[in-house]
Amino acid sequence: MNFDGLDSGLGEYSSSLHPGIDHSLDSSIEHSLDPRLDPNLLQNVELEADGVQLDGMSVSVPESVHLVEGMYSELHRVVAEVGVPVTAAHFDLQDELLWVGNHGYTVEVPGVTIMRQSNRFFFCGHTSGKVSLRDLRSFKLEHEFDAYSGSLSDFDVHGNLLVTCGFSNRMNGLSCDRFLMVYDLRMMRAISPLQVHVDPLFLRFIPTYTSRLAIISQSGQCQFCEPTGLASPADIFHINTVGQLVMTFDVSSSKQALVFGDSEGCVHLWADSPESTFNAYSRETEFPMPCMVDTLPHLDWNDDLLPLSLIPVPLITEPLLSDWPTANCSVTPRRAPPVDLEILRTMKKVGFIGYAPNPKTKLRNQVPYKLKEMDAEFDSYNQIPESPIGREEEPHLYMVPKKYRKVTIKYSKLGLEDFDFKHYNKTLFAGLEPHIPNAYCNCMIQVLYLLEPIRCHVQNHLCQKEFCLGCELGFLFHMLDLSRGDPCQASNFLRAFRTIPEASALGLILADSDEATGKVNLGRLIQSWNRFILTQLHQETQEQEGPQAYRSVMGSTFGSSGESVIGKLFGCEVENCSTCRCGKETVRVSSSLLFTLQYPDMNSADKTIRQYEFAEVLKRSICLEQNTQAWCENCEKYQPTVQTRNIRCLPDVLVINCEVNSRKEAEFWKCQAEYELHNKMRKEDLEAMKMKENNPTEWEALCNAEGLSFYTSIEELKNIWIPCSIKMKLTKNKELEVTNWTENEGLSPSEDEENTYLYDLVVTVAHILDPRTGGSLVAHIKVGETYHQRKEGVTHKQWYLFNDFLIEPVDKCEAVQFDLSWKIPCILYYARRNLNSKYDLTIKNPIEASVLLAEASLARKQRKCHATFIPLMLNEMPQPSDLVGLDAEFVTLNQEEAELRSDGTKSTIKPSQMSVARITCVRGQGPNEGVPFIDDYISTQEQVVDYLTQYSGIKPGDLDAKISSKHLTTLKSTYLKLRFLIDVGVKFVGHGLQKDFRVINLMIPKEQVIDTVYLFHMPRKRMISLRFLAWYFLELKIQGETHDSIEDARTALQLYRKYLKLTKHGIDVDEFRKILKGLYEKGRKMDWKVPEPEGEVQNSPKSNQFSHL
């Protein structure tokens, strides 16, 4: 600390306070001395009277500033984080007082030389070698450390660590101690001291390098080390001070530079890079001055949030002028403002108290002073928040209807078991859960599923590739078929999706942070995903591969025969013609699976946008003509070229990407919707006038009919531009004609059905703009008759809104309405009428019994170890209703994210992402009952954060093909085995199978599941572990150190046999309930813990009610 600007009179102090200072030194530098320094170090040190030489430059000493009397050994600016503003703290050596502002505090241990502050304490370092910790609010002594027997030279604080350096009394003198004392502020005690290789005089934490320390000696040696590690001589650096001694040292606030001051007046700057960042707006030095209020701050009376406590009021005993008599005053309490609707929506009640997250629309603990003068202003339709923050954000919340907002799953300690999905979906269609990474594409998965030809085609597809999106979509669609309103999750499909390099290259794979914060343009992203998935499915399903990977015994007819169904559905042969100005014409034929809308160029000079029909814009987008620079082989250089595109055939499903990605396109849509509204209103007026003139009697009867409105509601006509049907025709000259069409109108008999198609709108995908949640994607889908027939037994068509697991029927006009302020069009699907009649819609299960036969392991070392299972033989193939014991073990890919509520309960924001690691199936009958026929360890390419070895038995390396000694397979291979068992109709026996099937991503009919956790369970009681049930009923002690899936599957089978034995001996329901009551009583007494081996016989329940069985 430089004190050159202090009054020279401050140098007059009592010598008894500083016996270590040599009075032979020049008095002009006495005020800059620090009692911590050794006087011998100051020999041959001279300071110029007019200034300090700094690298050849003369720096003038500022004029002296008169301060209060006393000697200041340290000046330190602090701002207490507990709410007490502190301008400056200093120590008066004469009065032995610690001054904080205008308040002086007595110091028990004299000689405060160093002061530091953390968010917990105010630290004072003393010349006696002690460090005292004081309370930030009261500055009372809280704790004290006796660091050194001699004196303290420096200390620093970072986090929970306090590190000191100093001098010790040795040989009747002071010597520099090479041991740094380290203290843990959590336990308030010293931990292992740190030995360094230099003589420490200064030290500072450099937090950018974890918690590294920089230790500096007087001779210029600098050592870096961790406070809890070992110091290495290799970390010592030397500061070239040209023989001078280091007098001071500090670290920049950016932690990117170190600065050293030597005894010659030079400053040495060290930095980690040439472009180090410094604080360019540093404040001037603040000196401790008495608190003097010269002028009162200016108060703005128009500011509603200005605290009136800023006005100082003197303490007086006389009545104030504003203190009116009680007779002239009336008590009018301020009416409480209405509760925020968002708080009421998200509130969760615990007893009679409601808890809700802070919507952050108002500043905390502040209520505006503006009072409502009229009760009418409290009307619920006029609730504009007073906070300037909320005034901008709040209207967006109510602009988006509730069913379009992003839906989230509220997790409890039971996970998903008590979450009411039926509240969001009262249909029998299955929603998709949104908590999985990259689940933004859920709406498009529903779109593909609800196109009948695609649903049948991908379920018939099966190939050898481990990560095939076509196969995974087929497995997912099978789950959606089996579901009766219960949500599914696309975890396996998205797992395969993340492994495809093309998806990553296109930017389709999002990080969790990007999806949560809403940084990504979801509208543009889903259009890229739409193009990618159609191209990927087209490539995968046209490959000529049979399923040899699954060892078909009889051979298989599955596999593509050339052109894929995707190509037939969406493919359109396109002719691209490029004409150079030299006359050279080049024609290239390609195939396109979708088209992108190209909007007319709007003249910037003329701000008006003329009216376009959707069919006109669509035709211009399909038959595109544009001028561009292209290579001409005739001219042998780049030339201006006219490129035109024409189509040779019409697709069965017309897919359109809307590309509304800027304000310009949104304004175009909005203007066209307004034109369309005026045209429809004018048309209805003309029809009404015509009817009134032709049939006045009927018109009068309609007008007098109660509750009958002749006009269509304006709300149903707003924000509509796209038609529900279009007609497309290819003429004999291969020219395309596109016309807006009405939904109920067919083709005339004279029109050629081969070259004229009628398309009906079946899908609209929209991007919902909601700044509070980051936005979401929803789909409106016109569900066909076949789906309603399978799910509900009725044949009709209906539009539905699909918003993840929220599914709700909507009106046709809602599907085509796009309010561009919150609902942006993204994708349109137009399907040819009577589309399903052209395709074979039968599903032939491609999974054969050969998947259960023996297969090679992926692990290189597996053949050297003992096999843990015996595959099924051909004569052992499972039959319907056969029993199969099942157990699965899992590992964690991502830890759960949770927060603590104000009432102390934990709220799960995002559950942990699990991945199946081991699947075991054991025979449930026959001579080999209990012998495993599947014991597969699942190889994973994703990073595992927790193997859960205590509960799963999986160890690091078990899932690595290079070092694993287990039978390692792919997830797809094991998934096919389970799918085959489900399709055959076997009954799975296990403990807690609901979670197992959920993580494996399988949907299984309830009649095929026998779960022992529910067999031995009483309503409104806790679930009992498999270990306790095995000890209680079977006298088995399982799951000792770790879990073994083979042991668990066998035990579940034995428990089921025990359950059958109990029920077949004539024990009625009441008797079995008594057995369960005994089970629960025993469990409560033993705290649901299995006894140790020495007490096993004594506590075994075999001698009680089961002895007669």
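Remember, it's a predicted structure, so these values are computed and weren't measured experimentally.

Basis of the calculations
Every chain is numbered on its own, with residues counted from 1 as its sequence reads. Whole-chain, interface and lining totals are the exception, using all residues; otherwise, since this is a predicted model, local features are given only for residues with pLDDT of at least 70 and side-chain atom pairs are given and counted only at 80 or more. Heavy atoms from the whole structure form the basis of all side-chain values; hydrogens and water molecules are not counted. Each helix corresponds to a stretch of at least 4 residues labelled H or I by DSSP, and each strand to a stretch of at least 2 residues labelled E; elements are numbered beginning at the N terminus. Between two residues, a contact is recorded if the distance between any of their heavy atoms is within 4.5 Å. Residue-level accessible areas treat just the shown protein chains as cover; the underlying method is Shrake-Rupley with a 1.4 Å probe. Two strands form a pair only when DSSP identifies at least two bridges running between them. Patch membership is restricted to residues that have no salt bridge and whose relative accessible area is over 30%. Joining uses 9 Å for like charges and 5 Å for the nonpolar side chains Val, Leu, Ile, Met, Phe, Trp and Tyr. Just to be clear on terms, a salt bridge is a Lys or Arg side-chain nitrogen sitting within 4 Å of an Asp or Glu carboxyl oxygen. Just so you know, the count uses Lys and Arg for positive and Asp and Glu for negative, and it drops His and the chain ends. Charge placement uses NZ in Lys and CZ in Arg. For Asp and Glu, CG and CD serve respectively. Within 6.5 Å between ring centres, the rings of Phe, Tyr and Trp (the latter by its six-membered ring) count as paired, and their orientation is classed by plane angle as stacked under 30 degrees, edge-to-face over 60, tilted in between. Exposure is judged per residue with a 1.4 Å probe applied to protein chains only, and the accessible area is read against the type maximum: over 50% gives exposed, under 20% gives buried, and values in between give partly exposed. Arc, as used here, means the arc of the directions from the helix axis to the C-beta atoms. To get an axis, a line is fitted to the C-alpha atoms, and for a helix only the part in contact is used. The angle between two axes follows their N-to-C directions and goes from 0 to 180 degrees. Throughout, a crossing is termed right-handed when the near helix is turned clockwise from the far one, and left-handed when it is turned anticlockwise from it by less than a right angle. By the convention adopted, Pro, Cys, Tyr, Trp, Phe, Met, Ile, Leu, Val and Ala count as nonpolar, Lys, Arg, Asp and Glu as charged, and the other residues, Gly among them, as polar. We call a set of buried Ala, Val, Leu, Ile, Met, Phe, Trp, Tyr and Cys residues a nonpolar core when their side-chain atoms join them within 4.5 Å. What pLDDT expresses is the predictor's confidence in each residue, scored from 0 to 100. Polar contacts, as counted here, are pairs of nitrogen or oxygen atoms within 3.5 Å of one another; within protein the pair requires one atom able to donate a hydrogen and one able to accept it, and residues that are adjacent in sequence qualify only if both atoms are side-chain atoms.

## Topic: the overall build of the protein chain
Then comes step 1: Assigned secondary structure in the protein chain consists of 24 helices and 45 strands.
Then comes step 2: Taking all contacts inside the protein chain whose residues are at least 6 apart in sequence as the whole, residues at least 24 apart take part in 62%.
Then comes step 3: Of the roughly 60,000 Å² that the protein chain leaves accessible, carbon and sulfur atoms contribute 51%.

## Points about the pairing of strand 9 (residues 141–146)
Then comes step 1: Relative to strand 9, strand 8 (residues 130–135) runs antiparallel, the two sharing 5 bridges. Looking at strand 9, one finds that Ser132 is bridged to Glu144.
Then comes step 2: The turn joining strand 8 and strand 9, which pair antiparallel and follow one another in sequence, is formed by 5 residues; a positive phi near 60° is taken by Phe139.

## Digging into a positive patch on the surface
Then comes step 1: Taken together, the side chains of Arg1020, Lys1021, Lys1074, Lys1077 and Arg1084 define a basic patch exposed on the protein surface.
Then comes step 2: Relative to the helices and strands, Arg1020 resides in the loop between helix 20 (1012–1015) and helix 21 (1026–1034).

## Concerning the packing of aromatic side chains
Then comes step 1: Evaluated as defined, the whole model comprises 41 aromatic pairs.
Then comes step 2: Aromatic side chains Phe121 and Phe123 sit 6.1 Å apart centroid to centroid with 75° between the ring planes, which places their arrangement in the edge-to-face category. Neither residue differs from the other here; Phe121 and Phe123 are each classed as buried.
Then comes step 3: Here the aromatic rings of Phe1016 and Phe1033 are separated by 4.7 Å at their centres, their planes lie at 40°, and the arrangement is tilted. Here Phe1016 is found in the loop between helix 20 and helix 21, whereas its partner Phe1033 is found in helix 21, with 17 residues between them in sequence. The burial state of Phe1016 is the same as that of Phe1033; both residues are buried.

## Structural notes on the pairing of strand 32 (residues 736–741)
Within a regular beta strand, the side chains point alternately toward one face of the sheet and then the other, so they alternate between its two faces.
Then comes step 1: Where strand 31 (residues 725–730) meets strand 32, 6 bridges bridge the pair, whose relative direction is antiparallel. Counterpart to Lys729 in the pairing with strand 32 is Glu737.
Then comes step 2: Where strand 31 folds back onto strand 32 in an antiparallel hairpin, the turn is made up of 5 residues, including Lys734, whose phi is positive at roughly 65°.

## Considerations on helix 19 (residues 993–1000)
Then comes step 1: Buried within helix 19 are the following residues: Leu993, Asp996, Phe997, Val999 and Ile1000. Seen from one end, helix 19 has its buried residues packed into an arc of 165°, which puts them on one side.
Then comes step 2: Tucked inside the fold, the buried residues of helix 19 contact helix 6 (491–498), strand 38 (883–894), strand 41 (913–923), helix 18 (971–984), strand 44 (987–990) and strand 45 (1009–1011).
Then comes step 3: Positive phi appears at Asn1001, one or two residues downstream of helix 19, with a value of about 75°.

## Re a nonpolar patch on the surface
Then comes step 1: Taken together, Trp301, Leu308, Ile311 and Val313 make up a surface patch of nonpolar side chains, about 440 Å² in accessible area.
Then comes step 2: Along the chain, the position of Leu308 falls in the loop between strand 22 (267–271) and helix 1 (341–346).
Then comes step 3: Exposure remark for Leu308: the relative accessible area of 45% places this residue in the partly exposed category.

## A word on the pattern of salt bridges
Then comes step 1: For the structure shown, the criterion picks out 31 salt bridges.
Then comes step 2: For the salt bridge of Arg998 with Glu433, the shortest nitrogen-to-oxygen distance reads 2.5 Å. With a gap of 565 residues between them, Arg998 in helix 19 and Glu433 in the loop between helix 2 (390–399) and helix 3 (442–449) connect regions that are remote in the sequence.
Then comes step 3: Between Glu743 and Lys782 there is a salt bridge; the shortest N-O distance is 3.0 Å.

## Here we look at the side chain of Asp1048
Then comes step 1: Inspection of the secondary structure puts Asp1048 in helix 22 (residues 1045–1064).
Then comes step 2: Setting aside anything within four residues of it in sequence, one finds Asp1048 in contact with Asp887, Glu889, Leu1026, Ile1038, Gln1039 and His1043.

## Re the sheet that holds strand 29 (residues 637–647)
Then comes step 1: If you walk across this open sheet you meet the 4 strands as 26-25-29-28, and the pairing is antiparallel. Since the sheet does not close on itself, it has two edges, and those belong to strand 26 (585–592) and strand 28 (625–632), each with one partner. The average angle at which neighbouring strand axes cross in this sheet is 35°, direction not considered.
Then comes step 2: Direction of pairing for strand 28 relative to strand 29: antiparallel, over a ladder of 8 bridges. Among the inter-strand pairings, Trp631 is bridged to a residue of strand 29, identified as Tyr638.

## Brief notes about unusual backbone geometry
Then comes step 1: Of note, Phe139 is a non-glycine position whose phi angle comes to about 60°, a positive value.
Then comes step 2: Relative to the helices and strands, Phe139 resides in the loop between strand 8 and strand 9.
Then comes step 3: Here the phi dihedral of Asn834 falls at roughly 55°; this positive angle occurs in a residue that is not glycine.
Then comes step 4: Looking at where Asn834 falls in the secondary structure, it is placed in the loop between strand 37 (823–832) and strand 38.
Then comes step 5: Judged by relative accessible area, Asn834 falls into the exposed class, the value being 65%.

## Let's talk about the packing of helix 5 (residues 469–482) against helix 18
Then comes step 1: Running from amino to carboxyl end, helix 5 crosses helix 18 at an angle of 30°, the nearest separation of the two axes being 13 Å. Handedness of the helix 5/helix 18 crossing: left-handed. Along the contact surface, helix 5 presents Cys471, Phe475, His478 and Met479, while helix 18 presents Lys972, Tyr975, Leu976, Arg979 and Asp983.
Then comes step 2: Considered class by class, the residues forming the contact of helix 5 with helix 18 number 5 nonpolar, 1 polar and 3 charged.

## Describing helix 4 (residues 452–460)
Three or four residues apart is the spacing at which side chains of an α-helix point the same way, because the helix has 3.6 residues per turn.
Then comes step 1: Among the 9 residues of helix 4, 9 are classified as buried, and the element is accordingly described as predominantly covered.
Then comes step 2: Where the residues of helix 4 are buried, they touch helix 3, helix 5, helix 9 (522–541), helix 10 (565–570) and helix 15 (785–791).

## Let's talk about the nonpolar core
Taken as a class, soluble globular proteins show a tendency for nonpolar side chains to be buried jointly.
Then comes step 1: Grouped together as the largest cluster of nonpolar side chains are 104 residues, with contacts concentrated most on Tyr440, Ile445, Trp529, Phe570, Tyr829 and Phe988.
Then comes step 2: With residues near it in sequence (within four places) discarded, Phe570 still touches Leu451, Ile454, Leu534, Ser592, Leu593, Pro651, Val653, Val655 and Tyr829.
Then comes step 3: Grouped together as the second largest cluster of nonpolar side chains are 57 residues, Tyr612, Ile647, Trp721 and Ala766 included.

## What about the environment of Leu152?
Then comes step 1: Relative to the helices and strands, Leu152 resides in strand 10 (residues 151–158).
Then comes step 2: You can call Leu152 buried: its relative accessible area is 0%.

## Looking at the confidence of the model for the protein chain
Then comes step 1: On average, residues of the protein chain score 78 in pLDDT, and 78% of them reach the 70 mark or higher.
Then comes step 2: The least confident element of the protein chain is strand 1 (residues 51–54), whose mean pLDDT is 37; the most confident is helix 3, at 95.
Then comes step 3: Low pLDDT, under 50, characterises residues 1–87; the stretch is placed with 132 contacts to residues that sit more than four places away or in other chains.
Then comes step 4: Note that pLDDT drops below 50 for residues 1102–1109; the model gives that stretch 13 contacts with residues more than four away or on any other chain.

## Describing the side chain of Ser857
Then comes step 1: In this structure, Ser857 sits in the loop between strand 37 and strand 38.
Then comes step 2: For Ser857, the side chain forms a polar contact with the main-chain oxygen of Lys966, separated by 3.4 Å.

## Re the sheet that holds strand 8
Then comes step 1: Read from one edge of the open sheet, 4 strands run 6-7-8-9, paired in antiparallel fashion. A strand with exactly one partner marks an edge of an open sheet, and here the two such strands are strand 6 (112–117) and strand 9. Neighbour-to-neighbour, the strand axes of this sheet turn through a mean angle of 20°, independent of strand direction.
Then comes step 2: Two elements, strand 6 and strand 7 (residues 121–126), share 5 bridges in a ladder whose sense is antiparallel. Directly across from Met115, in strand 7, lies its bridge partner Cys124.

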